Amino acid sequence: QVQLVESGGGSVQTGGSLRLSCAASGRTVSSYVMGWFRQAPGKEREFVAAIRWSGYGTSYADSVRGRFTFSRDNAKNTVYLQMNSLKPEDTAVYYCAAAPRVGVSRVSREYDYWGQGTQVTVSS
């Protein structure tokens, strides 16, 4: 079993930055693909970013590419999502997820473990 705990959410104004963290426990996730998804009120959960175990393969949604950076520290069993130039449309609950696979995936059902989510609110 893998437990994931997100932190770092909060409220910022347009153009601001936040860094989300996701700490894994229970077992090492160094060989897992890690992902971030988000869900806004009244909308379906959507893919944000994913990263391979090595940290050298990443995938981003078009809506966040160039503004968000996904990184991982396998020694700390933690991943990070640096979010810059935030927009009101980035407002959502952000979820960290882990998938025991090699290649990155944008599909939520391919992730076996999920955190409880952290709220990000961007005001105009």
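For the structure, check the block above.
Only a predicted model underlies this, so the values are computations on that prediction, with no experimental measurement involved. (Residues numbered from 1 in each chain as written. Predicted model: local features only at pLDDT ≥ 70, side-chain atom pairs only at ≥ 80, totals over all residues. Heavy atoms only, no water.)

Draft legend 1. Quick peek at the sheet that holds strand β8 (residues 78-83). Strands sit in the order β1-β3-β8-β7 across an open sheet of four strands; the sheet is antiparallel. Of all strands in the sheet, those bounded by a partner on one side alone are β1 (3-7) and β7 (68-73). Across the sheet, the axes of successive neighbouring strands diverge by a mean angle of 15°, strand direction being ignored. Alignment of β7 against β8, held across six bridges, turns out to be antiparallel. Paired with Thr 69 across the strands is Gln 82, a residue of β8. (Pairing = 2+ DSSP bridges. Helix = DSSP H or I, 4+ residues; strand = E, 2+ residues; numbered from the N terminus. Axes fitted to C-alpha atoms, helices over the stretch in contact; angles between N-to-C directions.)

Draft legend 2. View of the pattern of salt bridges. Tallied over the full model, the rule gives five salt bridges. A salt bridge links Glu 46 to Arg 38, with the shortest nitrogen-to-oxygen separation between them at 2.6 Å. In this structure Arg 38 comes out as buried when scored by relative accessible area, which is 5%. Its salt-bridge partner being Arg 65, residue Asp 62 comes within 2.6 Å of it at the nearest N-O pair. Note on Asp 62: relative accessible area 62%, which makes it exposed. By relative accessible area, Arg 65 is classed as partly exposed at 45%. Connected via shared salt-bridge partners are Arg 38, Glu 46, Arg 67 and Asp 90. (Salt bridge = Lys/Arg side-chain N within 4 Å of Asp/Glu carboxyl O. Buried < 20%, exposed > 50% of the residue type's maximum accessible area, 1.4 Å probe, protein only.)

Draft legend 3. Geometry of the nonpolar core. Grouped together as the largest cluster of nonpolar side chains are 38 residues, with contacts concentrated most on Leu 4, Met 34, Trp 36, Phe 70, Leu 81, Met 83 and Tyr 94. Among the elements that make up this core, the one with the highest residue count is strand β9 (residues 92-99) (six residues). The residues contacting Leu 4, other than those within four sequence positions of it, are Cys 22, Ala 23, Ala 24, Met 34, Cys 96, Ala 97, Ala 98, Tyr 113, Trp 114, Gly 115 and Gln 116. (Core = buried A, V, L, I, M, F, W, Y, C linked by side-chain atoms within 4.5 Å. Contact = heavy atoms within 4.5 Å.)

Draft legend 4. Quick peek at the side chain of Asp 90. In this fold, Asp 90 is placed in the loop between β8 and β9. According to the relative accessible area criterion, Asp 90 is buried, its value standing at 1%. Only 2.8 Å separates the side chain of Asp 90 from the backbone nitrogen of Lys 87, close enough to count as a polar contact. Setting aside residues up to four positions removed in sequence, Asp 90 forms contacts with Arg 38, Arg 67, Phe 68, Ser 85, Val 120 and Val 122. (Polar contact = N/O pair within 3.5 Å; in protein donor to acceptor, adjacent residues only side chain to side chain.)

Draft legend 5. Summary view of the state of the cysteines. The final tally for this structure, using the stated rule, is one disulfide. With its sulfur 2.1 Å from that of its partner, Cys 22 forms a disulfide with Cys 96. Taking the sign of the torsion about the S-S bond as the criterion, the disulfide between Cys 22 and Cys 96, at about -80°, is left-handed. Note that Cys 22 is positioned in strand β3 (residues 18-25) and Cys 96 in strand β9, a separation of 74 residues in sequence. (Disulfide = S-S within 2.5 Å.)

Draft legend 6. Here's a closer look at the packing of aromatic side chains. Tallied over the full model, the rule gives six aromatic pairs. Here the aromatic rings of Phe 37 and Phe 47 are separated by 5.7 Å at their centres, their planes lie at 75°, and the arrangement is edge-to-face. Placement of Phe 37 in strand β4 (residues 33-39) and of Phe 47 in strand β5 (residues 46-51) is noted, with a sequence separation of 10 residues between them. No difference in accessibility class separates Phe 37 from Phe 47, as the two residues are buried. Ring geometry for Phe 37 and Tyr 111: centres 5.2 Å apart, planes at 80°, overall edge-to-face. In this pair, Phe 37 sits in strand β4 while Tyr 111 sits in the loop between β9 and β10 (113-114), placing the two residues 74 residues apart along the sequence. The pair formed by Phe 37 and Tyr 111 is uniform in burial state, with each residue classed as buried. If you follow Arg 45 out to its NZ or CZ, it ends over the ring of Tyr 95, 3.9 Å from the centre. (Phe/Tyr/Trp six-rings, centres within 6.5 Å; stacked < 30°, edge-to-face > 60°. Lys NZ or Arg CZ within 6 Å of the ring centre and 35° of its normal.)

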